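Descriptive analysis of the structure
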Amino acid sequence: MSVLRPLDKLPSLNTATILLVGTEDALLQQLADSMLKEDCASELKVHLAKSLPLPSSVNRPRIDLIVFVVNLHSKYSLQNTEESLHHVDASFFLGKVCFLATGAGRESHCSIHRHTVVRLAHSYQSPLLYCDLEVEGFRATMAQRLVRMLQICAGHVPGVSALNLLSLLRSSEGPSLEDM
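This text gives an overview of the structure that appears in the document.

Each value, and the rule that gives it
Residues numbered from 1 in each chain as written. Predicted model: local features only at pLDDT ≥ 70, side-chain atom pairs only at ≥ 80, totals over all residues. Heavy atoms only, no water. Helix = DSSP H or I, 4+ residues; strand = E, 2+ residues; numbered from the N terminus. Contact = heavy atoms within 4.5 Å. Buried < 20%, exposed > 50% of the residue type's maximum accessible area, 1.4 Å probe, protein only. Arc of directions from axis to C-beta. Polar contact = N/O pair within 3.5 Å; in protein donor to acceptor, adjacent residues only side chain to side chain. Pairing = 2+ DSSP bridges. Right-handed = clockwise from strand over helix to strand, strands pointing away. Core = buried A, V, L, I, M, F, W, Y, C linked by side-chain atoms within 4.5 Å. Phe/Tyr/Trp six-rings, centres within 6.5 Å; stacked < 30°, edge-to-face > 60°. Lys NZ or Arg CZ within 6 Å of the ring centre and 35° of its normal.

1. Focus on the environment of leucine 31
Here leucine 31 shows up in helix α1 (residues 25-37). The spatial distance from the C-alpha of leucine 31 to the C-alpha of arginine 139 is 6.3 Å, given a sequence separation of 108 residues. Those residues in contact with leucine 31, other than ones at most four positions away along the chain, are Leu20, Leu100, Leu133, Arg139, Met142, Ala143 and Leu146.

Spelled out as C-alpha cells, the structure:
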C-alpha cells in the first residue's frame, strides 16, 4: 500500500477512470450509477473506495480523476478525507483531484462548517463542488459534470488539459480566502 500516483500505470485506449472516495457507500454508488448512465465517447470506469490507500493490485487501472466526497453531516467523513489525502502524490493535485461537499442544503444538520471544507480544498489547490447527492436531479447534473471533467483529465478532449480545467475552475470561484 503506497502513495497513489497519476502516471504509475499506462493509460488504456479510450478509457477514463474515476475514483470516488467517501464514507457514504449508498450515495457513492448512486452517483456512480448516474455517471454510468451518461453518454460518453470513452469507456467509463468508476471505482469506489471508503478511504486511501488502495490495496496493491496489478489489475487496478490508471486513475484519471479522484473525487473526495465529504458529507457535511459527518465529522468522520472529513477526518477520513484528510487521512486519505496523505496517500495521494502531489502531482495529482495538478488538476486531477476535486472535492465534492454534500449535504449543504440542510445547514442546520451540518456537523462540519462549509468554511472548513473550503479551506481544505484551498490548501490543496483543488476545486470544490457542492451537490446534495440525495436529490436525483442534482445527482444527475453532478454526474454529468464529473463525466465531462473526467474526459478532460483523461486527455480525451482535444486542446484542453487537466491544468487548463483547474485554472478555469479556480478563476470561476468566488472571492479568495484572503478576501473573506
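Picking up where we left off.
2. Quick word on unusual backbone geometry
A negative phi holds for most residues other than glycine; trans holds for most peptide bonds. The amide bond that connects leucine 52 to the next residue, proline 53, takes the cis arrangement and shows omega of 10°. Considering the arrangement of structural elements, one finds proline 53 in the loop between β2 (43-49) and β3 (65-71). The phi dihedral of asparagine 14 falls on the positive side, at around 55°, and the residue is not glycine. With relative accessibility at 46%, the residue asparagine 14 sits in the partly exposed group. Positive phi values are uncommon outside glycine, yet glutamine 125 reaches one of about 50°.

3. A few points about helix α2 (residues 75-85)
Among the residues of α2, Ser77, Leu78, Asn80, Thr81, Ser84 and Leu85 are the ones counted as buried. In a view along the axis of α2, the buried residues occupy a sector of 160°, so they form one face of it. Along α2, exposed side chains directed more than 90 degrees from the buried face belong to Lys75 and Tyr76. Buried residues along α2 sit in contact with β1 (15-21), β3, β4 (97-102) and α3 (114-123). The residue sitting at the N-terminus of α2 and contributing the capping side-chain oxygen is serine 74; that oxygen lies 3.3 Å from the backbone nitrogen of tyrosine 76.

4. A short note on the pairing of β4
Along a regular strand, successive side chains alternate from one face of the sheet to the other. Among the six residues of β4, six are classified as buried, and the element is accordingly described as predominantly covered. The alternating pattern of β4 places Val97, Phe99 and Ala101 on one face and Cys98, Leu100 and Thr102 on the opposite face, and all of these are buried. Here β3 runs beside β4; their pairing, made up of six bridges, is parallel. Along β4, the bridge assignment pairs asparagine 71 with threonine 102. Handedness of the β3-α2-β4 crossover: right-handed. By the bridge criterion, three bridges tie β4 to strand β5 (residues 128-130) in an arrangement that is parallel.

5. Some remarks on the nonpolar core
Within the largest apolar cluster, 31 residues are counted, with the highest numbers of intra-cluster contacts made by Ile18, Leu31, Met35, Val67, Leu100, Leu146 and Met149. Of all the elements in the fold, those that place two or more residues in this core are β1, α1, β3, β4, α4 (136-153) and α5 (162-171). The dominant element in this core, judged by the number of residues it contributes, is α4, at eight residues. Not counting residues within four places of it along the chain, the set of residues in contact with methionine 35 comprises Ile18, Leu44, Val46, Ala143, Leu146 and Val147.

6. Considering the packing of aromatic side chains
Aromatic ring pairs are defined here through the distance separating the ring centres and the angle between the ring planes. Summed over all chains, the structure comprises three aromatic pairs. Seen in terms of ring centroids, phenylalanine 99 and tyrosine 124 are 6.4 Å apart; in terms of plane orientation they differ by 50°. Their pairing is tilted. Taken together, the residues phenylalanine 99 in strand β4 and tyrosine 124 in the loop between α3 and β5 connect sequence positions 25 residues apart. Take phenylalanine 99: its relative accessible area is 0%, and that puts it in the buried class. Its relative accessible area of 24% is what places tyrosine 124 among the partly exposed residues. One aromatic cluster is present, formed by Phe68, Phe93, Phe99 and Tyr124 through successive ring pairs. The ring of tyrosine 130 has arginine 114 sitting right over it, with the charged end atom 5.8 Å from the ring centre.

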